[in-house]
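Coordinate inspection notes
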Amino acid sequence: MTTTAGRRMAWGPVALFCLLWSSAFAGAKFGLRDCPPMTLLTIRFFLAAIVLLALAAWRGQLRRPTWRELGLLAALGVLNNALYLGLSWTGMLTVSSAFTAVLISTNPLLIGVLAGPVLGERLTGRKFAGLLLGLAGVALVLRSRLGGMHEDPHGVWLVAGGLVALVGATLLYKRYPPASGLWQATGVQALAGALALLPFALLQETQQAIHWTPNLFWSLMYMVFAVSVGGYGLWFHILRRSSATAASALHFLMPPLGLLFGWLTLGEHVAAMDLLGILPIAAGIWLATRDPMNKGVSH
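**Brief notes about the overall build of the chain**
- Per the secondary structure count, the chain includes 13 helices and zero strands.
- Counted from the first residue to the last, the chain has its helices and strands arranged as α-α-α-α-α-α-α-α-α-α-α-α-α.
- Looking at the chain as a whole, 53% of its 299 residues qualify as buried.
- Of all intrachain contacts in the chain linking residues separated by at least 6 positions in sequence, the fraction that spans at least 24 positions is 93%.
- When the accessible surface of the chain is summed, it comes to about 13,100 Å², and 70% of that surface belongs to carbon and sulfur atoms.

Here is the structure:
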């Protein structure tokens, strides 16, 4: 049954997810000042896995997965955590957190194009128009930041690689939904991401100093509890209840929010063209998510 409460329940996780996800880029930038990216991510994912699996045990959801389920969760963990964040965080050594949020937010267009052949989702004219509007807004911001020579091309390519990994993970999750409970599934993915990144951290970053400052501690705590536990948990909750196209369209909100957090916390430059891009982004999200969200949650 569709209810008004269902609609409220749908938009509550959406709003919180958008805030947590977009703030993660600025939070990561703080941590990267004192710790190299692969090492920081490895520590983060090991800690997150402990917390998430403990939550699963506390909720009585911890069980032994089948080998097929374990392989699926491991693949999702490598794509969602190791590749997506490993590449984008390494890119953030030379590009701004705001730009990273903007580029990653282009993933709804790729999802919208691929969801039809991969998932059998119908791309309506309204959704397609919304995706194009969102992309136009993101393009305005990209043009502003690249044209102003604010970003390093090598870092841009690394972040783009992270974008491809995120798209692949979203499609894989919707094509083969994990049978495990939310906390266990997210915890196993975090553990897989940590194990995948550990060799790179040991081989490439052992000579780089880690400064155990309060800044690093609070950045790490925020990323573990707010982003890995809260943000990823909300993302998979939304994915389970929405189509891949509608859920991914929410990433169009990341540019304005990413710009806001980068400006507020890091003092990163924001141009007038960056702000102009918010208008088509907002219109695009409204069009792309209107149908699924208005249907609410069926019980």
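**Looking at a nonpolar patch on the surface**
- Taken together, the side chains of Leu-110, Val-113, Leu-114 and Val-118 define a hydrophobic patch exposed on the protein surface, amounting to about 290 Å² of accessible area.
- Within the element layout of this structure, Leu-114 appears in helix α5 (residues 107-119).
- Judged by its relative accessible area of 34%, Leu-114 falls in the partly exposed class.

**Focus: the packing of helix α2 (residues 37-58) against helix α8 (residues 182-204)**
- Axis separation between α2 and α8 bottoms out at 7 Å; the angle between their running directions is 155°. By the angle class used here, α2 and α8 are roughly antiparallel. Of the two possible hands of crossing, α2 and α8 adopt the one that is left-handed.

**Re the packing of helix α7 (residues 153-175) against helix α9 (residues 214-241)**
- Axis separation between α7 and α9 bottoms out at 10 Å; the angle between their running directions is 50°. It follows from the interaxial angle that α7 and α9 lie oblique. For the element pair α7 and α9, the recorded crossing hand is right-handed. In this structure, α7 contributes Thr-170, Tyr-173 and Lys-174 to the contact, and α9 contributes Trp-235, Phe-236, Leu-239 and Arg-240.
- Taken together, the residues that form the contact of α7 with α9 break down as four nonpolar, one polar and two charged.

**Points about the side chain of Ser-228**
- Summarising the element assignment, Ser-228 is placed in helix α9.
- What makes Ser-228 buried here is its relative accessible area of 4%.
- Ser-228 has contacts with Arg-44, Phe-45, Ala-48, Leu-52, Thr-186, Met-223 and Gly-233, leaving out every residue within four places of it along the chain.

**Notes on α2**
- Its 22 residues place the ends of α2 31 Å apart at the C-alpha level, agreeing with the 32 Å of an ideal helix rising 1.5 Å per residue.
- Those residues of α2 that sit buried are Pro-37, Met-38, Thr-39, Leu-40, Leu-41, Thr-42, Arg-44, Phe-45, Ala-48, Ala-49, Leu-52 and Ala-56.
- Positive phi appears at Gly-60, one or two residues downstream of α2, with a value of about 75°.

**Section: the nonpolar core**
- Of all hydrophobic cores here, the largest spans 55 residues; its most connected members are Phe-17, Leu-40, Tyr-84, Leu-85, Trp-89, Ile-104 and Phe-236.
- Element by element, the count of residues in this core is highest for α9, at 11 residues.
- Counting eight residues, the second largest nonpolar core, distinct from the first, contains Leu-52, Trp-183, Ala-190 and Val-229.

**Details of the environment of Arg-64**
- Turning to its location among the elements, Arg-64 is positioned in the loop between α2 and α3 (67-91).
- The exposure class of Arg-64 is exposed, given its relative accessible area of 73%.

Procedures and definitions
- Residues numbered from 1 in each chain as written.
- Predicted model: local features only at pLDDT ≥ 70, side-chain atom pairs only at ≥ 80, totals over all residues.
- Heavy atoms only, no water.
- Helix = DSSP H or I, 4+ residues; strand = E, 2+ residues; numbered from the N terminus.
- Buried < 20%, exposed > 50% of the residue type's maximum accessible area, 1.4 Å probe, protein only.
- Contact = heavy atoms within 4.5 Å.
- Areas by Shrake-Rupley, 256 points an atom, 1.4 Å probe, with all protein chains shown as cover.
- Patch = residues over 30% accessible without salt bridge, like charges linked within 9 Å, V, L, I, M, F, W, Y side chains within 5 Å.
- Salt bridge = Lys/Arg side-chain N within 4 Å of Asp/Glu carboxyl O.
- Axes fitted to C-alpha atoms, helices over the stretch in contact; angles between N-to-C directions.
- Parallel < 35°, antiparallel > 145°, perpendicular 65-115°, else oblique.
- Left-handed = near helix turned anticlockwise from the far one by under 90°.
- Nonpolar A, V, L, I, M, F, W, Y, C, P; charged D, E, K, R; others polar.
- Expected span 1.5 Å × (residues − 1).
- Core = buried A, V, L, I, M, F, W, Y, C linked by side-chain atoms within 4.5 Å.

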